[in-house]
Amino acid sequence: MQNIYQKYYTTSKIIVDYMIDKLSIKENAVIMEPCAGDGAFIDALLATNRNIEIYAFELDQKAISTLREKYHTKKNIHIKHTDTLLDASCIPNHTNNNTYDYIIANPPYGAWQDYQKRTILQKTYPNLYVKETYSTFLYQAISLLKNKGRLTFIIPETFLTLHRHKFLRNIILKHTRIIEIVIFPSKFFPNINFGYANLSILTLEKCDNEQDCLLNEFNTYTHFSHPFQLLTSCDETEAYKNIQKDIFDNMDHAFLFSNKKRIKMLIKKAKYRIGDVATCVTGFYSGNDKKFIKVLDNLKKNCAKFDVLNKDLISNQTSIDGIDGKECFIPIIRGGSISYYKPSNYFVNWNKDVVKFYKTDKKARFQNSSFYFKLGIAVPMVSSSRITAAIIDGRLFDQAVVGIFPKNKKHLYYMLGFLNSSVASQMMKIINPTANNSANYIKKLPIIFADDATIDKIDVLVKIIIELKREGKDTKKEEAEVDNIFSSIFENE
């Protein structure tokens, strides 16, 4: 079932069995299921044959009817039709903390919250990112656990690194002992495949001693190829040993998973980061790209929806306030994984009257306009298998890319080479393993500045690459040389 509640019912028996096993349920336990759904977890809990009491909460009326019909003879199952996040018995406070021995859930993620409810949630949970409620369910559950009580949750892996979940990570690291984290493809759930992130199962134990929490060591398992690996001690997967104090000391308490200790240390102890040496901003949005953008070739990837531009309408002028003329089109750099130089295929109407529209329209974004038509670097917001960066050579750039503008202009080509290097991609995948390279994560990327002679050498190579790409020529040799230089710089730091 997938609807306005964005529920993904736990239909995988292997995943359910793994989660039940991780709880290590004892006799006479009091268990909470905050998003009961169709009762998959309740069935599995009952199958343990333990003497337990289950409190099942559910918002969806249809699901409630199913649950009540299914368990009407079970005196130890208490079903409540409620919004768990706003239910008075569940909102964390001094009277209801430490209520449950165990909590198990597959909370909704990606559900749309209307603005009125979002306001209420923000007031109720002031330090959390309530637009994505799975994190709110997790925070609530931690509060409702008894000391030494356990929970296990299926949630997107994004809570591990996303900037907006910093407060939640603080709570996890200082108030719980993490038992285990497994990260696996969302396709393990039938008919589900998130493009932006993997799913994870987090198992933790409430702990009232902060020092014990920070000294706790746990394993994280990744690179699963099949769900059955969850039940075989995670054999044939990749394991990372972690100490919570080390994670707490990372920037924003981010979980950095890598067996490359040196790379992790560079990320943790970097002298300079991109955010220190460059301004990172998002660019322009017309409000209606299909109307205002045209292309030279609509047979190219992602161009079919755009009209073909008459080349006579292209202007070589640039002005923040627009250009005189009925229709004046200027080149704009959009997303797409092309390194060093992107040929101009997209052109946006930059007539003065149209620019006035961009500045006032509610959907349009005339943001960070002081960086329009400058020299800089464009990194796509949506990443591929590695980072790619292209020169912004006085062209406009749109909101699908992060515009990076070095504070010292002499670093432009050096930084362009670095952002296209394999070492930059390795570090970014550790800092933020999701598909979204927003400005906040690019700012965190460490950079090392070499000696002047090496910087000059890279400048020459990068300029050659750009020129060759303009001419449509092969640049593999030059790009490999740049990549090798940056690998050497970071290995010898």
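Residues numbered from 1 in each chain as written. Predicted model: local features only at pLDDT ≥ 70, side-chain atom pairs only at ≥ 80, totals over all residues. Heavy atoms only, no water.

1. Structural notes on the overall build of the protein chain
Inference 1: Broken down by element type, the protein chain carries 17 helices and 18 strands.
Inference 2: The dimensions of the protein chain, computed from C-alpha atoms along their principal axes, are 80 × 55 × 40 Å.
Inference 3: Looking at the 493 residues of the protein chain, the share that counts as buried comes to 55%.
Inference 4: For the protein chain, contacts bridging at least 24 residues in sequence account for 69% of all contacts bridging at least 6.
Inference 5: Accessible surface computed for the protein chain: about 22800 Å², of which carbon and sulfur atoms make up 49%.
Inference 6: In the protein chain, the 67 positive side-chain charges and the 53 negative ones have mean positions that sit 3 Å from each other. (Helix = DSSP H or I, 4+ residues; strand = E, 2+ residues; numbered from the N terminus. Buried < 20%, exposed > 50% of the residue type's maximum accessible area, 1.4 Å probe, protein only. Contact = heavy atoms within 4.5 Å. Areas by Shrake-Rupley, 256 points an atom, 1.4 Å probe, with all protein chains shown as cover. Lys, Arg positive; Asp, Glu negative; His and termini not counted. Charge placed at Lys NZ, Arg CZ, Asp CG, Glu CD.)

2. Some points on the packing of helix α13 (residues 412-419) against helix α17 (residues 476-491)
Inference 1: Contact pair α13 / α17: the axes reach a minimum separation of 9 Å and the direction vectors enclose 90°. Taken together, the axes of α13 and α17 are roughly perpendicular relative to one another. Judged by residue contacts, Y414, G417 and F418 of α13 engage V482, F486, I489 and F490 from α17.
Inference 2: Classifying every residue of the contact of α13 with α17 gives 6 nonpolar, 1 polar and no charged. (Axes fitted to C-alpha atoms, helices over the stretch in contact; angles between N-to-C directions. Parallel < 35°, antiparallel > 145°, perpendicular 65-115°, else oblique. Nonpolar A, V, L, I, M, F, W, Y, C, P; charged D, E, K, R; others polar.)

3. A short note on the pairing of strand β8 (residues 217-222)
Inference 1: The element β8 is largely enclosed, with a buried count of 5 among its 6 residues.
Inference 2: As paired elements, β8 and strand β9 (residues 238-243) share 6 bridges and run antiparallel to each other. Each bridged residue has a counterpart across the sheet, and for T222 the counterpart in β9 is E238. (Pairing = 2+ DSSP bridges.)

4. Points about the pattern of salt bridges
Inference 1: What the rule picks out here adds up to 22 salt bridges.
Inference 2: As a salt-bridge pair, D289 and R334 come within 3.0 Å of each other at their nearest N and O atoms. With a gap of 45 residues between them, D289 in helix α11 (residues 289-292) and R334 in the loop between β13 (329-333) and β14 (346-349) connect regions that are remote in the sequence. Judged on exposure class, the residue D289 and its partner R334 are both buried.
Inference 3: The closest approach of N and O atoms between K457 and E481, which form a salt bridge, is 4.0 Å. Of this pair, K457 sits in helix α16 (residues 452-470) while E481 sits in helix α17, and the two are 24 residues apart along the sequence.
Inference 4: For E481, a relative accessible area of 30% translates into the label partly exposed.
Inference 5: One salt-bridge network, in which partners are shared between bridges, spans R150, R177 and E205. (Salt bridge = Lys/Arg side-chain N within 4 Å of Asp/Glu carboxyl O.)

5. Describing helix α5 (residues 134-144)
Inference 1: Taken across its 11 residues, α5 has 10 buried, putting it largely inside the fold.
Inference 2: For α5, the secondary structure elements touched by its buried residues are β1 (29-33), β4 (100-105), β5 (145-156), α6 (166-175), β6 (176-184) and β7 (199-206).

6. Description of the confidence of the model for the protein chain
Inference 1: Overall, the prediction assigns the protein chain a mean pLDDT of 91, with 94% of residues at 70 or greater.
Inference 2: Contacts for the low-pLDDT stretch residues 1-6, under 50 throughout, to residues beyond four places or in other chains number 17 contacts. (pLDDT = per-residue confidence, 0-100.)

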